[in-house]
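An overview of the molecular structure
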Amino acid sequence: MRRALLLLALVGSAASAQFPGLSRRPSVPPAPMPAPAPVPMLLGIDGMRAEFVAQSGSDKVYFGGDSAVLTAPAKATLAAQAQWLRRHPEIIVRIEGHADPSDTRDHALAVGARRAEEVRDYLVLLGVPAAQLSTVSWGKENVAVMGASQDALALNRRAVTVLVR
Amino acid sequence: MIARSASLLMMGLAMAAAPAAAQDVAAVIAIPPLTTPDDKATGTDSPAAVAWQASQLIASDLRTTAELVPVGPDQKDYYSYPEVTAPTFSRWRAKGAKFVLTGFVRSRPDGRLTVGCYVYDAVKGREVGRTGFVVAPEDWRRAAHKCSGIAYTAATGAPGIFDTRIAYVAESGPPSARVKRIAVMDGDGNNQSFLTPGDTIVLTPRLSPKAENLAYVSYLGGHANVRIINLASNEQRPLVPDSAMSFAPRFAPDGRRIVFSMQAGTNTDIYVADSSGGQAQRLTVAPGIDTDPSFAPDGTQIAFESDRSGTQQIYSMAADGTAQRRISFGGGWYAAPVWSPDGEWIAFARRVPGAGSRIGVMKPDGSGEKLLTDGALDEGPSWAASGHELIFQRSGADGRPALYRVTLAGGDARKVVTPQDASDPDWSGALD
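Residues numbered from 1 in each chain as written. Chains lettered and ligands numbered in written order. Predicted model: local features only at pLDDT ≥ 70, side-chain atom pairs only at ≥ 80, totals over all residues.

1. Some words on the overall build of chain B
The criterion, for reference: Here a helix means four or more residues in a row that DSSP labels H or I, a strand means two or more in a row labelled E, and each is numbered from the N terminus. Computation of the radius of gyration draws on C-alpha atoms, with the globule rule given as 2.2 Å multiplied by the number of residues to the power 0.38. We call a residue exposed when 12 or fewer other C-beta atoms sit within 10 Å of its C-beta, buried when the count reaches 20 or more, and partly exposed for counts in between; the C-beta positions come from the backbone. Each residue is represented by a C-beta atom placed from its backbone, and any two residues with such atoms within 7 Å are regarded as in contact.
The secondary structure content of chain B amounts to 4 helices and 29 strands. Rg of the C-alpha trace for chain B: 23 Å, near the compact-globule value of 22 Å for 432 residues, within the 12% margin. Overall, the C-alpha framework of chain B stretches about 70 × 45 × 40 Å when taken along its three principal axes. Within chain B, the fraction of its 432 residues that count as buried is 49%. Contacts in chain B between residues at least 24 apart in sequence constitute 48% of all its contacts with a sequence separation of at least 6.

2. A look at the overall build of chain A
A count of helices and strands for chain A gives 5 helices and 4 strands. In chain A, buried positions account for 36% of the 165 residues. A sequence separation of at least 24 residues applies to 74% of the contacts in chain A between residues at least 6 apart.

3. Points about the packing of helix α3 (residues 72-87) of chain A against helix α4 (residues 105-125) of chain A
Residue and element names in this part refer to chain A. Put simply, the test is: Under this scheme, a helix contributes an axis fitted over its contacting stretch, all axes are lines through C-alpha atoms, and angles between N-to-C directions fall in the 0 to 180 degree range. Orientation labels follow simple angle bins: below 35 degrees gives roughly parallel, above 145 gives roughly antiparallel, 65 to 115 gives roughly perpendicular, and whatever is left gives oblique. Two helices that cross are described as forming a left-handed crossing if the nearer one is turned anticlockwise from the farther one by less than a right angle, and a right-handed crossing if clockwise. Residue polarity follows a fixed list, in which Ala, Val, Leu, Ile, Met, Phe, Trp, Tyr, Cys and Pro are nonpolar, Asp, Glu, Lys and Arg are charged, and the others, Gly among them, are polar.
Between α3 and α4, the least distance of the axes is 9 Å, while the angle of their chain directions is 55°. Classified by the angle between their axes, α3 and α4 sit oblique to one another. Relative to α4, the crossing made by α3 is right-handed. Between α3 and α4, the residues in contact are K75, L78, Q81, A82 and L85 and V119, Y122 and L123, respectively. Class assignment of the residues belonging to the contact of α3 with α4 gives a composition of 6 nonpolar, 1 polar and 1 charged.

4. So, α4(A)
All names here are of chain A. What counts, and what does not: In a helix, the anticipated span is given by 1.5 Å times the number of residues less one.
Over its 21 residues, α4 extends 31 Å from the first C-alpha to the last, a length consistent with the 30 Å expected when each residue adds 1.5 Å. With 17 of 21 residues buried, α4 lies mostly within the body of the structure. In the stretch just after α4, G127 is the one whose phi turns positive, near 100°.

5. Section: the sheet that holds strand β2 (residues 93-97) of chain A
In any sheet, the strands associate via hydrogen bonds between backbone groups, in a parallel or an antiparallel arrangement. Residue and element names in this part refer to chain A. To keep things clear, this is the line we draw: A pair of strands is labelled paired if DSSP reports no fewer than 2 bridges between them.
Taken together, 4 strands build an open sheet; the order of strands is β1-β4-β2-β3 and the sheet is mixed. If you trace the sheet from one side to the other, it starts and ends with β1 (60-62) and β3 (133-137), each paired once. Recorded for the sheet is a direction-independent mean angle of 20° between the axes of neighbouring strands. Sitting on the sheet, α4 touches β1, β2, β3 and β4 (158-163), and the angle it makes with β3 is about 165°.

6. Describing the packing of helix α2 (residues 45-56) of chain A against α3(A)
Residue and element names in this part refer to chain A. Relative orientation of the contacting elements α2 and α3 amounts to 135°, with a least axis distance of 8 Å. Here α3 runs oblique to α2, going by the angle between their axes. Considering how the two elements wind past one another, α2 and α3 form a crossing that is right-handed. Contact residues: F52, Q55 and S56 in α2; T77, A80, Q81 and W84 in α3.

7. Digging into the domain arrangement of chain B
Put simply, the rule reads: Per the annotation, domain bounds derive from an automatic or database assignment of domains.
Here the domain parsing of chain B yields domain 1 (20-156) and domain 2 (165-427). On a C-alpha basis, the centroid separation for the pair domain 1 of chain B and domain 2 of chain B is 35 Å.

8. With respect to the interface of chain A and chain B
Accessible area lost upon the coming together of the parts serves often as the stated size of an interface. Facing the 21 residues of chain A at the interface are 35 residues of chain B. Taken together, the elements giving at least two residues each to the side of chain A that touches chain B come down to α4 and β3 of chain A. By residue number, the principal contributor to the side of chain A that touches chain B is α4(A), which donates 9 residues. For the side of chain A that touches chain B, the residue count by class is 9 nonpolar, 6 polar and 6 charged.

9. Considering unusual backbone geometry
In this chain, G72(B) is followed by P73(B) through a cis amide linkage whose omega measures 0°. By the element assignment, P73(B) lies in the loop between β2 (68-71) and α3 (89-94). For D66(A), which is not a glycine, the phi torsion comes out positive at approximately 65°. Position of D66(A) relative to the elements: it lies in the loop between β1 and α3.

10. Examining helix α2 (residues 47-63) of chain B
Residues and elements named next belong to chain B. Given a rise of 1.5 Å per residue, 17 residues ought to cover 24 Å, and the 24 Å separating the end C-alpha atoms of α2 matches this to within 8%. Of all the positions in α2, only P47, V50, A51, A54, S55, L57, I58, A59, D61 and L62 are classed as buried. Residues of α2 that are buried in the fold lie against β1 (27-30), β2, β3 (99-107), β4 (113-121) and α4 (140-156).

11. Re the nonpolar core
Quick reminder of the rule: A set of buried residues qualifies as a nonpolar core if it consists of Ala, Val, Leu, Ile, Met, Phe, Trp, Tyr and Cys joined through C-beta atoms within 7 Å.
Core analysis: the biggest nonpolar cluster contains 102 residues, and F260(B), I346(B), A347(B) and F348(B) have the highest contact counts within it. Looking at this core, the element that brings in the most residues is α4(A), giving 8 residues. Once residues lying within four places of it in the same chain are set aside, the contact partners of A347(B) are V338(B), S340(B), I359(B), V361(B), P381(B), W383(B) and L390(B). Ranked by size, the runner-up nonpolar core spans 34 residues in total, among them I31(B), L101(B), L113(B) and C147(B).

12. Let's talk about the confidence of the model for chain B
Residues and elements named next belong to chain B. Test applied: As a per-residue measure, pLDDT tells how confident the predictor is, with possible values from 0 to 100.
Residues at a pLDDT of 70 or more form 93% of chain B, whose mean pLDDT is 90. The low-confidence segment residues 1-23, where pLDDT is below 50, has 51 contacts with residues more than four positions distant or belonging to other chains. Predicted complex, confidence summary: ipTM 0.88, pTM 0.86.

13. What about the pairing of strand β21 (residues 333-339) of chain B?
Residues and elements named next belong to chain B. The element β21 is extensively covered by neighbouring structure, given that 7 of its 7 residues are classed as buried. In this sheet, strand β22 (residues 346-351) lies alongside β21 in antiparallel orientation, the contact comprising 5 bridges. For A335, the partnering residue across the bridge sits in β22 and is A349.

In structure tokens:
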């Protein structure tokens, strides 16, 4: 296991040379590594995603109607996400913003973009290199939960932190 | 790629009766069958066969309007070729008709057909409109739509809506993996064709006024971007470089410029660009989401939607971006303004947060607001060329969208039949 961690660290430092954003990393020491989990020696991107979700609590944050304001629970989730992402500067991340289906087509696109941008800005504030992050809005084109109930609508107003590679 | 489907599937507009509210003022128009001097030829492309089919199509076109009630065609009402320009007015008056439409189909030596139509005021006994075309036999439908158009114009003073095209997004597949394709059909639902293969999400097709070009939004480059298709050549390209998210395109009345939205950070603003390329000019700078721009028919003003006040509201501005002012003050949220072709109205989707949205209209100064639909989730209004009617998208409880038409006069919305689920309709102006 020690060898695997060393390998990951090497990959990380090799990749960091490609990301000028890393130089703006705050000088806070990285959080202590959690106790070694029973993970496979070599994590594919699927394994990385599973680990990211497990350690961040969620890859999603939710918003109020028509709002892109980050709630306290959303900020807590993003803080955990940022902690993981800072340890994995080699991972390319896409933040996908979504609106609920009760929104109109074009406003939904703009609101989804706004949500993704707010999440990206907050992650950068928490020390994740900007170069690691991109954003996209899916408007109301990727409905997560069908239905017109308030609960269903709320579950669609989201931004998802997607590990690309 | 744009191969017009030759099969005449029955995809016409649903032929519901005209709204009861409007029927009180609707005028009866007699449609005796078009005649032909070439009654010896037979076969499906013969003048006699085309004349009968065209007569039926004209009647079915006019039956979709709120202003006219067609009577006929009836085989008993055949008349001779010379009577085309000398109808027996008393006979039609006796049947309660205010108007009568006559016409002929004649073969030409080059194999094409001449189609002529005449519209008369049966009460006053005088001609009020005429039109004539030379068409290939397989293009008889367009000639018939032109005949319907002059009858509609003679009766209402407004452009006909029959020789038009409707663009929309055809949807299929499960909710979690919708396949979306840009589709175009004739105004009566015929000639369906699909312009994109369905391998990426596409949105909001918008036809140029004469349906020569189509602007739409594609995720081909990984995010929303406006693209332009030339409908004759099927060539397409991005409107602006693929770097920023661009969306909500709409052609100016001149068919050359396009207004659209572009996003930068948390801000979305309105831009205008020449559809053939060139630098985009920024028209709004206010923080917030400015989108869904729509030109007035004279090109001097643009209506748009902005949440700069905190909620979505409708604004107007001069075409150069000056003199921006809010015009919607009815409470609630207003989205997707579209200026009517006669300049009289701005259509919109009015959102009630948590309770869906409805289609309505208001005067360009914000007065005279009225809601026209009562669906749970109605959006995306687009005007008919007449300015008397709108097409829009209605989503059902299962989230599946369909197209509907509703008249300014009121009455129930009528479903437009499409081969698949359909969203984001856009209705062209009358073609040349």
